[in-house]
Amino acid sequence: MKKIMLVFGTRPEAIKMCPLVKELKSRSQVETVVCVTGQHREMLQQVLDAFEVTPDYNLAVMHQGQTLFEVTERVMEGLRPVIEKEKPDVVLVHGDTTTTFAAALTCFYMNVPVGHVEAGLRTYDISAPYPEEFNREAVGILAKYNFAPTVNARANLIKEGKNPDTIWVTGNTAIDALGTTVVGDFSHPDLDWAEGSRLVILTAHRRENWGEPLYSIFRGIRRVVEEFPDVKVLYPVHLNPLVRKAAEDTLSGCDRIRITEPIDVMAFHNFLARSYMILTDSGGIQEEAPSLGKPVLVLREVTERPEGVAAGTLRIVGTDEENIYRAFKALLTDEELYDAMSNAENPYGDGFASKRIADILIKGKTNI
Ligand code: UD1
Ligand code: UDP
């Protein structure tokens with residue numbers, strides 16, 4: 001029987017790979033092996049628990065303040081014996097993290113075919129997002145199977161000279177995940193806290209925003225919150241100590257800004273669904289928000305998700321304090337703008353991306 005191995009290691013990869021793990025495990029034609037790198041620890045475990053996925057291997061590479069060198073080295077060293085033992089027919093990696101790049105490179109060195117889930121996202125700016133743009137372009141060079149979430153992602157790969165027969169447009173598995181997490185009846189103490197206010201969800205963690213850009217983002221947001229007594233901001237802070245320090249330095253002491261630990265994905269998706277709007281530099285949230293009809297101010301200079309911008313849900317505002325102040329205030333005061341951004345269509349798929357990927361691998365032209 002053919003063997004498919006999935007390798008992932010951070011929160012967002014897990015959220016988008018767990019639906020695929022479940023789909024593949026439901027297919028009797030293949031054996032499915034899950035190897036997590038543990039690039040994230042607590043934030044990864046939260047997702048594995050939520051989706052009830054138990055990995056076959058955990059490389060447990062994370063340590064506090066890890067560098068890109070360390071993650072790359074540890075993933076490669078840890079994965080090599082697992083691949084030697086399991087001899088998978090294909091390894092699936094996701095997106096653009098260091099886990100993704102290091103796992104794909106390991107497979108390349110070991111002559112194991114790679115399938116890239118969420119292939120073809122590009123900014124064509126190697127410094128933003130950093131190092132993710134490099135990671136996904138590099139994986140694009142060696143991947144044998146490319147599962148592109150949108151036609152735009154497919155077009156990027158074709159423009160780069162990829163054989164069209166190796167590319168499939170599947171939708172994004174993020175939408176598959178949302179289909180299982182958001183429920184009609186949901187309560188939580190953080191939602192009780194926000195009752196009667198406009199709830200704004202904030203997340204920020206990007207490497208290129210560390211330092212002054214994060215401080216600038218937070219100052220802009222705080223100024224608006226202090227002007228609008230009916231607005232409350234919930235910010236589940238990434239576990240990176242640098243991010244936590246910036247958040248505490250700039251946002252603490254305002255009783256309408258609640259800083260929390262990372263929130264489990266079931267609750268978090270239900271918070272997004274009940275929010276007024278979202279402020280984020282996250283990649284995954286840019287895909288989820290259009291599906292939930294929530295306006296997003298993207299706290300980055302560029303995005304690899306132009307479909308959400310074209311659909312009207314996403315607006316790129318960068319990291320400049322004044323820009324963020326103005327754009328955030330506009331969404332609180334301009335009803336027409338708010339309605340236009342919240343009525344947008346979801347361009348990221350119908351919730352069946354995992355099923356398509358499994359069909360392609362098992363019954364399609366991949367011949368694994
Ligand atoms: C990584 C990815 C990024 C992705 C993000 C999702 C790379 C280079 N970056 O960035 O693309 O958007 O994950 O969140 O692959 N930490 C913990 N516990 C955890 C997770 C993180 O303590 O469960 C702390 C550690 O101190 C760690 C630091 O956060 O050193 C940074 O984690 P790391 O995976 O290196 O980078 P991210 O910024 O999370
Ligand atoms: N998310 C979550 N809990 C949180 C914050 C985010 O479950 O407290 C989810 C979010 O819905 C999205 C994913 O985590 O699916 C995004 O992860 P992150 O922002 O860490 O990474 P990125 O998408 O930027 O790579």
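Residues numbered from 1 in each chain as written. Chains lettered and ligands numbered in written order. Predicted model: local features only at pLDDT ≥ 70, side-chain atom pairs only at ≥ 80, totals over all residues. Heavy atoms only, no water.

> Would you take a moment to explain the site of ligand 1 for this structure?
What surrounds ligand 1 is a group of 24 residues, the closest being H40, E42, Q64, E132 and H238. At 2.9 Å, a backbone N or O of M43 approaches an oxygen atom of ligand 1. Between E132 and ligand 1, the recorded distance is 2.4 Å, taken from a side-chain N or O atom to an oxygen atom. For ligand 1, the protein covers 96% of the area, taking 750 Å² as the surface of the free molecule. In terms of residue class, the shell around ligand 1 is built from 7 nonpolar, 12 polar and 5 charged. (Near = heavy atom within 4 Å. Polar contact = N/O pair within 3.5 Å; in protein donor to acceptor, adjacent residues only side chain to side chain. Areas by Shrake-Rupley, 256 points an atom, 1.4 Å probe, with all protein chains shown as cover. Nonpolar A, V, L, I, M, F, W, Y, C, P; charged D, E, K, R; others polar.)

> What exactly am I supposed to notice about the sheet that holds strand β2 (residues 30-36) here?
Ordered by their spatial adjacency, 7 strands build an open sheet running β3-β2-β1-β4-β5-β6-β7, and the pairing between neighbours is parallel. Only two strands of the sheet have a single partner each, and these edge strands are β3 (57-58) and β7 (167-169). Relative to strand β4 (residues 90-94), strand β1 (residues 2-8) runs parallel, the two being bridged by 3 bridges. Note on β4: the bridge partner recorded for I4 is V90. Relative to β1, helix α1 (residues 11-25) is tilted by about 165 degrees, and along the sheet it contacts β1, β2, β4 and β5 (114-117). (Pairing = 2+ DSSP bridges. Helix = DSSP H or I, 4+ residues; strand = E, 2+ residues; numbered from the N terminus. Contact = heavy atoms within 4.5 Å. Axes fitted to C-alpha atoms, helices over the stretch in contact; angles between N-to-C directions.)

> Help me understand the sheet that holds strand β8 (residues 198-203), please; the structure alone is not making it clear to me.
Neighbouring strands of a sheet are bound in pairs by backbone hydrogen bonds; such pairs are parallel or else antiparallel. What the 6 strands build is an open sheet, ordered β10-β9-β8-β11-β12-β13; its pairing is parallel. Among the strands making up the open sheet, the edge pair consists of β10 (257-260) and β13 (314-316). The mean inter-strand angle of the sheet, taken between neighbouring strand axes irrespective of direction, is 20 degrees. Across 4 bridges, strand β9 (residues 231-236) lies against β10 in parallel orientation. Bridge assignment links Y235 to a residue of β10, and that residue is I259. Together, β8, β9, β10 and β11 (277-280) form the strand contacts of helix α9 (residues 212-227), whose direction differs from that of β9 by roughly 150 degrees.

> Help me understand helix α7 (residues 173-181), please; the structure alone is not making it clear to me.
Each α-helix turn comprises 3.6 residues. Residues three or four places apart therefore point the same way. Most of α7 is tucked away: 7 of the 9 residues are buried. Taken together, the buried positions of α7 are occupied by T173, A174, I175, D176, A177, L178 and T181. Of the surrounding secondary structure, the elements contacted by the buried residues of α7 are α1, α2 (42-51), β4, α11 (265-273), α12 (284-292) and α16 (353-363). If you check the start of α7, you find a side-chain oxygen 2.8 Å away from the backbone N of A174, and it comes from N172. (Buried < 20%, exposed > 50% of the residue type's maximum accessible area, 1.4 Å probe, protein only.)

> Would you mind showing me how to read the site of ligand 2 here?
Looking at ligand 2, there are 16 residues lining it, with R11, I263, G283, G284 and E288 nearest. One of the backbone nitrogen or oxygen atoms of I263 is found 2.7 Å away from a nitrogen atom of ligand 2. At 3.0 Å, a side-chain N or O of S282 approaches an oxygen atom of ligand 2. If you list the elements that add at least two residues to the shell around ligand 2, you get α1, α11 and α12.

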